[in-house]
Amino acid sequence: MGFGQYASILSGVFTAYDLCGLGKYEELMKPLRKSYKNALILRRSLEQLSNTGLDRMIQSLQGYWGKKLFQTKTDPLKVASYLLRPYIRLKGK
């Protein structure tokens, strides 16, 4: 799945939980909102790359650092978004 379907499904489930008194929608959505902001930062940074820059990035992920990045127990996308955050300005934070 991609393109927001997972988040949409979860949002609907969280709405149902709230309506049934099983949780508060705003609280249940917090982790999803954080994940969305991280993904948005990554998307904005990828949009700024040229084709050559994108090729270089993909090629570097196939080497030593790519293996290290994806073999850690931490979320690599979360780490990347925090590293890129100072370079990407989000509108309407």
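Keep in mind that this is a model prediction, so the values were computed, not measured.

S.K.: So, the packing of helix 1 (residues 5-19) against helix 2 (residues 25-47): which residues are in play, and what are the values?
M.R.: At a closest axis distance of 9 Å, the pairing of helix 1 and helix 2 adopts a crossing angle of 160°. In terms of their interaxial angle, helix 1 and helix 2 are classed as roughly antiparallel. Crossing geometry of helix 1 relative to helix 2 is assigned as right-handed. Contact with helix 1, carried on its side by A7, L10, S11, F14, T15, Y17 and D18, involves Y25, L28, M29 and L32 of helix 2 and no other residues of that element. Here the residues of the contact of helix 1 with helix 2 sort into 8 nonpolar, 2 polar and 1 charged.

S.K.: Account for the pattern of salt bridges, with residues named and values stated.
M.R.: For the coordinates displayed, the defined rule picks out 2 salt bridges. In this structure, the salt-bridge partner of K30 is E27, at a minimum N-O distance of 3.2 Å. Here E27 and K30 lie together in helix 2, a separation of 3 residues that amounts to about one turn. Here K30 falls in the partly exposed class, since its relative accessible area comes to 48%. Overall, E27 belongs to the partly exposed group, its relative accessible area being 48%.

S.K.: Which residues make up the environment of Q71, and what values do they have?
M.R.: Within the secondary structure layout, Q71 lies in the loop between helix 4 (64-70) and helix 5 (76-84). Residues Q71 and K24, 47 residues apart in the sequence, show an inter-C-alpha distance of 35 Å.

S.K.: Outline a nonpolar patch on the surface, listing residues and values.
M.R.: On the surface, a nonpolar cluster with roughly 480 Å² of combined accessible area is contributed by L46, L49, L54, I58, L61 and F70. Per-element tally for the nonpolar patch: the top contributor is helix 3 (residues 51-61), with 3 residues. With respect to the element layout, L61 can be found in helix 3. A residue is classified by how much of its surface remains accessible, and L61, at 32% relative accessible area, is partly exposed.

S.K.: Requested: an account of helix 1, with residues and values cited.
M.R.: Taking 1.5 Å per residue as the helical rise, helix 1 with its 15 residues ought to reach 21 Å, and the 21 Å between its terminal C-alpha atoms agrees with that figure. Two residues or fewer after helix 1 comes G21, characterised by a positive phi angle close to 75°.

Here is what the cut-offs are and how they apply
- Residue positions within a chain follow its written sequence, with the count starting from 1.
- Owing to the predicted nature of the model, reporting of local features is limited to residues with pLDDT of at least 70; listing and counting of side-chain atom pairs is limited to 80 or more, with chain, interface and lining totals taken over all residues.
- To obtain the side-chain values, all non-hydrogen atoms of the structure were included, while hydrogens and water were left out.
- Each axis is a line fitted through C-alpha atoms, and for a helix only the stretch in contact is used; angles between axes span 0 to 180 degrees, taken between their N-to-C directions.
- Strands are runs of DSSP state E lasting at least two residues, helices are runs of H or I lasting at least four, and both sets are numbered from the N terminus onward.
- Throughout this description, any angle smaller than 35 degrees is read as roughly parallel, any larger than 145 degrees as roughly antiparallel, any in the 65 to 115 degree range as roughly perpendicular, and the remainder as oblique.
- Here a crossing is called left-handed whenever its near helix is offset anticlockwise from the far helix by less than a right angle, and right-handed whenever the offset is clockwise.
- Any two residues having at least one pair of non-hydrogen atoms within 4.5 Å are treated as being in contact.
- All residues other than Ala, Val, Leu, Ile, Met, Phe, Trp, Tyr, Cys, Pro, Asp, Glu, Lys and Arg, Gly among them, are scored as polar; the first ten of these are nonpolar and the last four charged.
- We define a salt bridge as a side-chain nitrogen of Lys or Arg found within 4 Å of a carboxyl oxygen belonging to Asp or Glu.
- Residue exposure (1.4 Å probe, protein chains only): buried if accessible area is under 20% of the type maximum, exposed if over 50%, otherwise partly exposed.
- Surface patches are drawn from residues lacking salt bridges whose relative accessible area is over 30%; two like charges belong together within 9 Å, two nonpolar side chains (Val, Leu, Ile, Met, Phe, Trp, Tyr) within 5 Å.
- Computed with the Shrake-Rupley method and a 1.4 Å probe, the accessible areas treat only the protein chains shown as cover for residues.
- Each helix should span, by expectation, one fewer than its residue count multiplied by 1.5 Å.

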